[in-house]
Amino acid sequence: MGSLPPQRRQAGGPGGGPGGRAGRTNLSPKEGAEEAERRLGKPCFHAGQKVQGTYACVACQFQIRNRGTLPTCPDCGEIVWAYMESGPRPVPEGEQAGAPRPAPAQAPTATVEEGVSLQPPGVTVTEGVKLQP
Ligand SMILES: [Zn+2]
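The present account deals with the structure reproduced in this document. (Residues numbered from 1 in each chain as written. Predicted model: local features only at pLDDT ≥ 70, side-chain atom pairs only at ≥ 80, totals over all residues. Heavy atoms only, no water.)

All right, on to the coordination of the zinc ion then. Ideal values differ by geometry: the angle at a metal is 109.5 degrees with four tetrahedral donors, but 90 or 180 degrees with six octahedral donors. Around the zinc ion, the protein contributes the donor atoms Cys57 (SG), Cys60 (SG), Cys73 (SG) and Cys76 (SG), which lie 2.2 to 2.3 Å from the metal centre. Viewed at the metal, the 4 donor atoms of the zinc ion are separated by angles of 104 to 114°, and the geometry they form is tetrahedral. Here the donor residues of the zinc ion are spaced in sequence according to C-x2-C-x12-C-x2-C. Taken together, the residues Cys60 in the loop between strand 2 (53-57) and strand 3 (63-66) and Cys73 in the loop between strand 3 and strand 4 (80-83) connect sequence positions 13 residues apart. Just as Cys60 is buried, Cys73 falls in that class too. (Donors = N, O, S within 2.8 Å, 3.2 Å for Na, K, Ca; no water. Tetrahedral: all angles 85-135°; square planar, octahedral: opposite > 155°, others 65-115°. Helix = DSSP H or I, 4+ residues; strand = E, 2+ residues; numbered from the N terminus. Buried < 20%, exposed > 50% of the residue type's maximum accessible area, 1.4 Å probe, protein only.)

The next subject is the sheet that holds strand 1 (residues 44-46). Within the open sheet, the 4 strands sit side by side as 1-4-2-3. Their pairing is antiparallel. Strand pairing shows two members of the sheet lacking a second neighbour, strand 1 and strand 3, which therefore form its edges. Put simply, the sheet's adjacent strands are angled 40° from each other on average, direction ignored. One ladder, built from 4 bridges, connects strand 2 with strand 3; its direction is antiparallel. Counted as the bridge partner of Ala56 is Gln63 from strand 3. Across the sheet, helix 1 (residues 29-40) touches strand 1 and strand 4, and the angle it forms with strand 1 is around 160°. (Pairing = 2+ DSSP bridges. Axes fitted to C-alpha atoms, helices over the stretch in contact; angles between N-to-C directions. Contact = heavy atoms within 4.5 Å.)

So this is what it looks like as structure tokens:
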């Protein structure tokens with residue numbers, strides 16, 4: 001395990017944007033992943049979710065090949081990862097895509113914004129995804 005400070009950032013890195021967001025660090029991991037997804041246009045997940053595939057740290061672009069539970073970024077400590085492969089959005093183990101199912105712990109009323117497609121109903125869950133190229 002490294003001893004790098006968790007807040008290290010690359011100056012002028014992609015996705016940084018010119019200011020205006022300072023101090024907004026009270027997002028939950030889930031909210032952070034959702035925000036990164038909107039910003040990057042890629043499916044994003046956070047540490048602790050069980051998803052497979054190739055992911056890149058949204059903060060420093062460090063890439064990992066994940067097979068189990070997403071870690072925090074070993075390079076910078078970021079917890080949000082962007083899914084880098086093409087194809088269907090991976091569904092974290094233990095979660096369901098598009099299945100109507102009461103989720104009292106989460107947002108009780110989801111606001112559907114136009115142009116934002118999170119998980120359309122009827123998403124096909126592909127099981128046994130091959131990892132080999
Ligand atoms: Zn990182």
